[in-house]
Amino acid sequence: MSNYPDIPVIETRRLVLRGPEAGDYPDFKATFASYRSRFMGGPLNAYEAWMLYAAEIGHWAVRGFGMWMIHDKLTDETYGMAGGWFPAKWPEREIAWIIWPDKAGRGYALEATHAVRRRFYERQGWEGAVSYIDPKNLDSIRLAERLGCVKDREAATIDGSDAVYRHPSPSAAASGQLRDGIELEIAHYCDPMFKPKGMPID
Amino acid sequence: MSLTQAPVLDSTHLILRGPELRDFDSLAAFFADPDRAWGFGGAETRPDAWRWWACNIGHWHIHGYGYFTIEDKATGAPAGICGIWNPEGWPEPELGWVVFEGFEGRGIAHEAALRARRYAYEDLGFTTLTSNILPGNTRSVALAERLGAVFEREYDNVSMGRDMLYRHPGPDAGTDTALGRDDDGSVEAYA
């Protein structure tokens, strides 16, 4: 099947983001079968994972945006997904991400999420976004904060069990202070001599 | 606007086409009615229905087939869904059907299922088809039998639990019924 609906391709320094295709499903399935997915409704059995993957593709057709598959620009290997997610029941449009468990710690989520947010803000007219994060999902909370998000205690949640992190406005996200900081961090990850110590971060 | 690359299939009273945005309310209303939806399963709330609907669109993109929306030619209204369903974990590709409230008793599921089965055999090249029916769903059993399907076995469905598998006559069954030609008049008229 072709990659319909027509999903734009985003290139970053190390990554290329393309629409989810049938051939990418095994990596998605492995992640959603793993403990890694515990904050995203998993672990899922094969049927549930397949249904979710199909919904990821359908989301693009219905909403006109969705989750991109993150590929290595050179090898085409997949590392995870990042993009927009707005199914029924979601109070606001979400910027979401998931990185395969054995690909964490290299800044791929930061690089991909920074790029998709910029696209939504600058090309698709989004005026804001949130990320719904399980309060125990410390890796994702740290990523949200590195992206300049602030916890919004007043905002509606999905089901009361998630925390809402509000992304900076388009103008704040475009400001030198925030954008330069994010891009400097990404540049560190791109540097083969950069060896982060301590806990891996996405 | 079509959300898939589904073809448009024509039969006597119906059009089978891909899912469109305007179909969602009818589908959500179906899922919200437990008396109607229990045999189909899958979505108890409107958000669950949305998720299933998005999944069906993705199903079309992954497999190249899925559930059509059945459109009533006379009114243009969505009358149900019918098509081929094959998520991971399913025993085999399945011919399934749902008729929305207000459209029963007119043979719509029968006509749509015949047309979708002919599409599966002639256009997709399927060599066999099954239908999975929950024990107690007597209306669907009656329709399956009217379509020439026969009970083959019980099995445990990954989503629905204990389930019955009916097998349809194949494309070479030698009857016009197998290919659904008795609904469009093209062959039956000369039979």
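Note that the coordinates shown come from a computational prediction; the quantities given were computed from them, not determined experimentally. (Residues numbered from 1 in each chain as written. Chains lettered and ligands numbered in written order. Predicted model: local features only at pLDDT ≥ 70, side-chain atom pairs only at ≥ 80, totals over all residues.)

Asker: What is the right way to look at the overall build of chain A in this model?
Answerer: Along its length, chain A carries six helices and eight strands. Along chain A, helices (α) and strands (β) appear in the sequence β-β-α-α-β-β-β-α-β-α-β-β-α-α when read from the amino end. Taking 17 Å as the expected radius of gyration for a compact globule of 202 residues, we find that chain A reaches 16 Å, a close match to that expectation. Taken along its principal axes, the extent of the C-alpha atoms in chain A is 45 × 40 × 35 Å. A burial count over chain A gives 39% of its 202 residues as buried. (Helix = DSSP H or I, 4+ residues; strand = E, 2+ residues; numbered from the N terminus. Rg over C-alpha atoms; globule rule 2.2 N^0.38 Å. Buried ≥ 20, exposed ≤ 12 C-beta atoms within 10 Å, placed from the backbone.)

Asker: What should I look at first to understand the interface of chain A and chain B in this one?
Answerer: The figure often quoted for interface size is the accessible area lost as the parts come together. Counting residues at the interface gives 20 residues for chain A, matched by 20 residues for chain B. In terms of residue class, the side of chain A that touches chain B is made up of 15 nonpolar, three polar and two charged. (Contact = placed C-beta atoms within 7 Å. Nonpolar A, V, L, I, M, F, W, Y, C, P; charged D, E, K, R; others polar.)

Asker: What am I meant to see in helix α1 (residues 24-31) of chain B here?
Answerer: Residue pairs spaced three or four apart in an α-helix point in one direction, given the helix's 3.6 residues per turn. Residue and element names in this part refer to chain B. Those residues of α1 lying buried are Leu27, Ala28, Phe30 and Phe31. Seen along its axis, α1 keeps its buried residues to an arc of 155°; they face one direction. Summarising the contacts, the buried residues of α1 are in contact with α2 (34-37), α3 (46-63), β4 (78-85) and β5 (94-99). (Arc of directions from axis to C-beta.)

Asker: Please explain unusual backbone geometry as it appears in this structure.
Answerer: Leaving glycine out, the prevailing phi sign among residues is negative, and the prevailing peptide bond configuration is trans. Residues and elements named next belong to chain A. Of note, the amide linkage connecting Gly42 to Pro43 takes the cis form, showing an omega dihedral of -5°. Mapped onto the elements, Pro43 comes out in the loop between α1 (25-32) and α2 (46-63). At Asp76, a position not held by glycine, the phi torsion is positive, near 75°. The backbone of Lys89 sits at a positive phi, close to 90°, despite the residue not being glycine. Structurally, the position occupied by Lys89 is in the loop between β4 (78-85) and β5 (94-99).

Asker: Just checking my understanding: could you explain the environment of A:Lys89 for this structure?
Answerer: C-beta crowding within 10 Å serves as the criterion here: with 13 such atoms nearby, A:Lys89 is assigned to the partly exposed category. For the pair formed by A:Lys89 and A:Thr157, sequence separation is 68 residues and the distance between their alpha carbons is 9.6 Å. Ignoring sequence-local partners within four residues, the contact set of A:Lys89 consists of A:Ile158 and B:Pro47.

Asker: Teacher, can you tell me more about the pairing of strand β7 (residues 150-157) of chain B here?
Answerer: For a regular strand, side chains alternate in direction, first toward one face of the sheet and then toward the other. Residues and elements named next belong to chain B. Burial runs low along β7: only zero of the eight residues are buried. With seven bridges joining them, β7 and strand β8 (residues 161-167) adopt antiparallel strand pairing. When the bridges of β8 are listed, Tyr155 appears paired with Asp163. (Pairing = 2+ DSSP bridges.)

Asker: So what exactly am I meant to see when it comes to the UniProt feature "domain: N-acetyltransferase" (unreviewed entry) in chain A here?
Answerer: Under the UniProt annotation, "domain: N-acetyltransferase" (unreviewed entry) lies at residues 14-149 of chain A. The annotated region residues 14-149 of chain A carries 37% helix and 21% strand content, and the separation between its end C-alpha atoms amounts to 24 Å. (UniProt positions renumbered as here; feature names shortened; annotations may be inferred.)

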